[in-house]
Amino acid sequence: QKEVEQNSGPLSVPEGAIASLNCTYSDRVSQSFFWYRQYSGKSPELIMSIYSNGDKEDGRFTAQLNKASQYVSLLIRDSQPSDSATYLCARKGVGGSQGNLIFGKGTKLSVKP
Amino acid sequence: EAGVAQSPRYKIIEKRQSVAFWCNPISGHATLYWYQQILGQGPKLLIQFQNNGVVDDSQLPKDRFSAERLKGVDSTLKIQPAKLEDSAVYLCASSLGTGRNNEQFFGPGTRLTVL
């Protein structure tokens, strides 16, 4: 399986700032990308999906996809302490692995009050 | 809408023992996945079912792991015999299908500790 790369962090931002999380992938065929949030001791929770180049906004979250450069990012505006979690980037498998998700190791975000 | 259900939530066993996990997906979801998440890593797919058929089990250690989804709804994952390195969280997820827009939803997971 081709890899999904994330900086493991921790990424520390002050409350109210913009948190920027980045992810690169090596399989040019991938079409679907997802961001999951995982609180300590909990299971991953889907927060954003993106399939087309450009930006997709949902509340305080913006996902950005650039297929030519093979990166996807997540911006969290007005970061809150409750956003402190590990953020997992995932791409959907293709071909024989269609449907399953290939995850990065996650970036740990800490939002300081 | 009820989410993905899993049981047990926690399990502690000794190496060489066997263990089984159960998953009930979201109603109407045809695709079911089992992932293994080792501490500090992202989830890794073990097996994917479409209804009651296996789509992908290429990363399942078949000498010790087995899984079934006999009636196309709930599923069980078994480890026999367990090794120390099997200590992980076992996550079940489901989706409507395998298309690119089909999103996966995870259950609460089973945390396995092998001593």
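Before reading on, note that the structure itself is shown above.
Residues numbered from 1 in each chain as written. Chains lettered and ligands numbered in written order. Predicted model: local features only at pLDDT ≥ 70, side-chain atom pairs only at ≥ 80, totals over all residues. Heavy atoms only, no water.

A. Up close: the pattern of salt bridges. As enumerated under the stated definition, the model contains six salt bridges over all chains in all. For the salt bridge of Glu45 of chain A with Arg37 of chain A, the shortest nitrogen-to-oxygen distance reads 3.0 Å. A relative accessible area of 36% places Glu45 of chain A in the partly exposed class. According to the relative accessible area criterion, Arg37 of chain A is buried, its value standing at 13%. Asp86 of chain B is the salt-bridge partner of Arg64 of chain B, the closest N and O atoms lying 2.5 Å from each other. Placement of Arg64 of chain B in the loop between β6 (53–56) and β7 (65–68) and of Asp86 of chain B in the loop between β8 (75–79) and β9 (88–95) is noted, with a sequence separation of 22 residues between them. (Salt bridge = Lys/Arg side-chain N within 4 Å of Asp/Glu carboxyl O. Buried < 20%, exposed > 50% of the residue type's maximum accessible area, 1.4 Å probe, protein only. Helix = DSSP H or I, 4+ residues; strand = E, 2+ residues; numbered from the N terminus.)

B. The sheet that holds strand β3 (residues 19–24) of chain B, seen in detail. All names here are of chain B. Taken together, four strands build an open sheet; the order of strands is β1-β3-β8-β7 and the sheet is antiparallel. Strand pairing shows two members of the sheet lacking a second neighbour, β1 (5–7) and β7, which therefore form its edges. The mean angle between the axes of side-by-side strands here comes to 15°, regardless of whether they run parallel or antiparallel. (Pairing = 2+ DSSP bridges. Axes fitted to C-alpha atoms, helices over the stretch in contact; angles between N-to-C directions.)

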